[in-house]
Amino acid sequence: MRRIVVVGGGYAGFYTAWKLEKKLRRGEAEVILIDPRPYMTYQPFLPEVLSGSVEARHAAISLRRNLRRTRIIAGSVTTVEHARRTVTIHPVSGEDFELPYDVIAVTAGAISRTFDVPGIADQAIGMKHVEEAVAVRDRLLTAFDEASVLPPGPVRRRLLTVVVVGAGFNGVESFGELLSLANSLLKSYPELTRDDLSLHLVEATQRILPEVTDGPRAWVRRLLEGRGGHLHLETTVKSAVDGHVVLSDGTELDAELIVWTAGNAATRLVRGHTDLPVTARGLIQTRPDLRVGTEDEIVPDAWAAGDDAAIPDLASPVPGALTVPNAQNAVRQGKLLAKNLLADLRGRAPKQYLHHTLGSVATLGLGTGVFQFHRLVVKGPLAWLMHRGYHVLAVPTWDRKVRVLAVWLAAAIYGRDIVSLASVQQPRAAFTTDPK
């Protein structure tokens, strides 16, 4: 029986293993998925986890609960030696060990790219995982509690200053949800006013939401600024040491919360710990049929998909274009990868990946969104409902669909929960504190 090793349990890895389970015949192949986290993050829900519109656990899809015929190894792959058909695994607990395989599918995803800005590694929080979205939310809620008992001044101003770096979909959605949450919190904090809030969105290029056209982009900008947001375009972060943020446009401010969404980078594994071919950008060189290799040469028994794979975009009119690293592509690549692995096992030719975009949809805070498909543009509450409808259909498993819908229904009746659980980051503090 052949052994298929899937490296990474994100979108592409989860869907690869999930679909293989449904189609493999008994005894046809063994599937092993390796990931340090016990869940797959449904990333489009993270901005709503941040604002409290989605419960944190509902954006996490349990690997063990849903992949019942797949062997799950809790750890990270540190080395791929395809010449030996072997991976080295650093487990969550215990010593490193080697695992042989027959076929490998690299779906390790990507990590946040920080550009070595002084202070960012110490101060900023990313927005790729559930824990990060929860931490951003709790930090903002805690800041409101602390600021409400302080007089106006630099300490209170710092507590209520937020900087979001990166204005792609993740950054703009996170910024929009933060603005929506912060403005709604003022009803519960009569000591504070809108003038106390200082939320900044920083983008190195001259535009936000590059996936949409100029018209809806300008509308989104007006909306964010109308809610009190400050946009710094064609601006970079020069330093963020100890929370003192220095921008290239001359702005300096002290921020309690810095959220980093400014791009992706290949994982350490793909960048330099594999003998599989890698592009100059550090991505696995991948063919349109998801086999590793080039148009002229195929690496046998090696496949890749998702954010760590350089896959030619057959739907793009631009020569040499690669598929965009987003959820739409990762999910569909994972499904196709499972089909192609099965086809290869059974002696059939794999199919090429071709996906035409379904459009772009973003939430901009409670009750507001934007959607664009070619020339069709929808703005406001209808786009927000379209965002929710699409993602509740797209999130895997009925368990998660029902739970997310239940939270949305409760929030529609009672409003969003505004309780901070920042204390869970130090769970023993209350137990060990001297009661005297």
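Residues numbered from 1 in each chain as written. Predicted model: local features only at pLDDT ≥ 70, side-chain atom pairs only at ≥ 80, totals over all residues. Heavy atoms only, no water.

Draft legend 1. Seen up close, the environment of Val292. Within the fold, Val292 resides in strand β20 (residues 291-293). Here the alpha-carbon distance between Val292 and Val278, two residues 14 residues apart in the chain, equals 9.5 Å. When residues no more than four places from it in sequence are discounted, the contact partners of Val292 are Leu276, Pro277, Ile284, Gln285, Thr286, Arg287, Ile298, Val299, Ala302, Trp303 and Ala304. (Helix = DSSP H or I, 4+ residues; strand = E, 2+ residues; numbered from the N terminus. Contact = heavy atoms within 4.5 Å.)

Draft legend 2. Main features of the pairing of strand β13 (residues 229-232). Two strands pair when backbone bridges link them, and strand β12 (residues 198-202) and β13 are joined in this way by 4 bridges, in the parallel orientation. Across the sheet, the residue bridging to Val202 is His232, located in β13. Tracing the backbone out of β12, into helix α8 (residues 214-226) and back to the parallel element β13 gives a crossover that is right-handed. (Pairing = 2+ DSSP bridges. Right-handed = clockwise from strand over helix to strand, strands pointing away.)

Draft legend 3. Region of the structure containing the nonpolar core. Counting residues in hydrophobic clusters, the biggest one holds 111 residues, and the most contacted among them are Ile34, Val87, Phe144, Val172, Leu178, Leu201 and Val220. When residues are assigned to domains, this core turns out to be shared by domain 1 (2-112 + 264-346) and domain 2 (114-261), each giving three or more. Val163, Val165, Leu247 and Ile258 belong to the second largest nonpolar core, which has 14 residues in total. (Core = buried A, V, L, I, M, F, W, Y, C linked by side-chain atoms within 4.5 Å. Buried < 20%, exposed > 50% of the residue type's maximum accessible area, 1.4 Å probe, protein only. Domains from an automatic or database assignment.)

Draft legend 4. The arrangement of the domain arrangement of the chain in detail. Once the domains are mapped, the chain shows domain 1 (2-112 + 264-346) and domain 2 (114-261). For domain 1 and domain 2, the distance between their C-alpha centroids amounts to 32 Å. Between domain 1 and domain 2, the contact holds 18 residues from the first and 17 residues from the second. Both faces combined, the contact of domain 1 with domain 2 buries some 1600 Å², and carbon together with sulfur accounts for 61% of it. Counting across the domain 1 and domain 2 interface gives 1 salt bridge. Of the charged contacts in the structure, one is a salt bridge between Glu131 and Arg37, with a shortest N-O distance of 3.5 Å. For the pair domain 1 and domain 2, the interface holds 4 residue pairs in polar contact (both at pLDDT 80 or more). (Buried area = accessible area lost by both parts, 1.4 Å probe. Salt bridge = Lys/Arg side-chain N within 4 Å of Asp/Glu carboxyl O. Polar contact = N/O pair within 3.5 Å; in protein donor to acceptor, adjacent residues only side chain to side chain.)

Draft legend 5. View of the packing of aromatic side chains. With the rule as written, the count across this model stands at 7 aromatic pairs. Taking 6.0 Å as the distance between ring centres and 90° as the angle between the ring planes, the aromatic pair formed by Phe45 and Trp408 counts as edge-to-face. Here Trp408 lies in helix α12 (residues 398-414) and Phe45 lies in the loop between β3 (39-41) and α2 (46-51), a separation of 363 residues in the sequence. Taken as a pair, Phe45 and Trp408 share a single burial class, namely buried. Within the aromatic cluster, the residues linked to one another by ring pairs are Tyr11, Tyr42, Phe45 and Trp408. Its end group placed over the ring of Trp18, Lys19 keeps NZ or CZ at 5.3 Å from the ring centre. The cationic tip of Lys401 hangs over the ring face of Trp398; the distance from NZ or CZ to the ring centre is 5.8 Å. (Phe/Tyr/Trp six-rings, centres within 6.5 Å; stacked < 30°, edge-to-face > 60°. Lys NZ or Arg CZ within 6 Å of the ring centre and 35° of its normal.)

Draft legend 6. Expanded view of α12. Spanning 17 residues, α12 covers 24 Å between terminal C-alpha atoms, matching the ideal 24 Å at 1.5 Å per step. Within α12 the residues assigned to the buried category are Arg400, Lys401, Val404, Val407 and Trp408. Viewed along the axis of α12, the buried residues span an arc of 135°, placing them on a single side of the element. In α12, the exposed residues that point more than 90 degrees away from the buried face are Trp398, Leu409, Ile413 and Tyr414. On the buried face of α12, the contacting elements are α2, β4 (60-62) and α11 (381-394). (Expected span 1.5 Å × (residues − 1). Arc of directions from axis to C-beta.)

Draft legend 7. Representation of the sheet that holds strand β1 (residues 2-7) within the structure. A sheet is described by the order of its strands in space; here 8 strands give the open sequence β7-β6-β5-β2-β1-β8-β21-β20, paired in mixed fashion. Each edge of the sheet is formed by a strand with only one pairing partner; in this case those strands are β7 (97-100) and β20. Strand-to-strand twist in this sheet, taken as the mean axis angle between neighbours without regard to direction, amounts to 45°. In terms of strand pairing, β1 meets strand β2 (residues 29-35) through 6 bridges, oriented parallel. Across the sheet, residue Val6 finds its bridge partner in β2, namely Leu33. In this fold helix α1 (residues 11-23) packs onto β1 and β2, with an angle of close to 155° to the strand it touches most, β2. In the packing of helix α10 (residues 327-345) onto the sheet, the strands contacted are β1, β2, β8 (103-106) and β21 (298-304), and the crossing angle to β21 comes to about 145°. (Axes fitted to C-alpha atoms, helices over the stretch in contact; angles between N-to-C directions.)

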